[in-house]
Amino acid sequence: KTKKQSATLVALKQHTSKLNTMSIPAPIATGSFLYLILGAALLGLVFASRLTGRLSKDNAEIANVVVIISTIATWLFWLCAWMHQWHPLIKPIYEE
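Residues numbered from 1 in each chain as written. Predicted model: local features only at pLDDT ≥ 70, side-chain atom pairs only at ≥ 80, totals over all residues. Heavy atoms only, no water.

Concerning the overall build of the protein
Thought 1: Along the backbone of the protein there are three helices and zero strands.
Thought 2: When the elements of the protein are put in sequence order from the N terminus, they spell out α-α-α.
Thought 3: Here the protein holds 96 residues, and 11% of them are scored as buried.
Thought 4: Taking the intrachain contacts of the protein between residues at least 6 apart in sequence as the baseline, contacts between residues at least 24 apart amount to 64%.
Thought 5: A total of about 8500 Å² of accessible surface is found on the protein, and carbon and sulfur atoms cover 69% of it. (Helix = DSSP H or I, 4+ residues; strand = E, 2+ residues; numbered from the N terminus. Buried < 20%, exposed > 50% of the residue type's maximum accessible area, 1.4 Å probe, protein only. Contact = heavy atoms within 4.5 Å. Areas by Shrake-Rupley, 256 points an atom, 1.4 Å probe, with all protein chains shown as cover.)

Given below as structure tokens:
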């Protein structure tokens, strides 16, 4: 291979490695999926409660809103906490 081809291959590898680092981290994808499952399970409980007659139509509608908002809020809180620990803005300074 010529020097030009080698330099081109090195540049291409560096470019593709930068592209790979821009993907969504696996823990974020996994955690988001788990919150999605949690929200769906809670909505299923509200639906089952509505079918069995434990909740009236009005209460079931309120419960649906509460479940959706609380699931999104807890997911957002978890995401902020995870990202804060992933790339902390303030690093501790240790005295020696």
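What follows picks up the thread again.
Points about helix α3 (residues 57-86)
Thought 1: An ideal rise of 1.5 Å per residue puts 44 Å on 30 residues; α3 measures up with 43 Å between its terminal C-alpha atoms.
Thought 2: Looking only at α3, the buried set comprises Ala-60, Ala-63, Val-67, Thr-71, Leu-79 and Trp-82.
Thought 3: Against the buried residues of α3 lie α2 (26-52). (Expected span 1.5 Å × (residues − 1).)

A word on the packing of aromatic side chains
Thought 1: In the structure shown here, the tally under the stated rule is two aromatic pairs.
Thought 2: When the centroid spacing of 5.9 Å and the interplanar angle of 40° are considered together, the rings of Tyr-35 and Trp-78 count as tilted. Here Tyr-35 is found in helix α2, whereas its partner Trp-78 is found in helix α3, with 43 residues between them in sequence.
Thought 3: For Trp-78, a relative accessible area of 22% gives the class partly exposed.
Thought 4: On the numbers, 5.2 Å between centres and 35° between planes, the contact of Trp-82 with Trp-86 is tilted. One end of the pair is Trp-82 and the other is Trp-86, both in helix α3 and four residues apart, which spans about a single turn.
Thought 5: With a relative accessible area of 41%, Trp-86 lands in the partly exposed category. (Phe/Tyr/Trp six-rings, centres within 6.5 Å; stacked < 30°, edge-to-face > 60°.)

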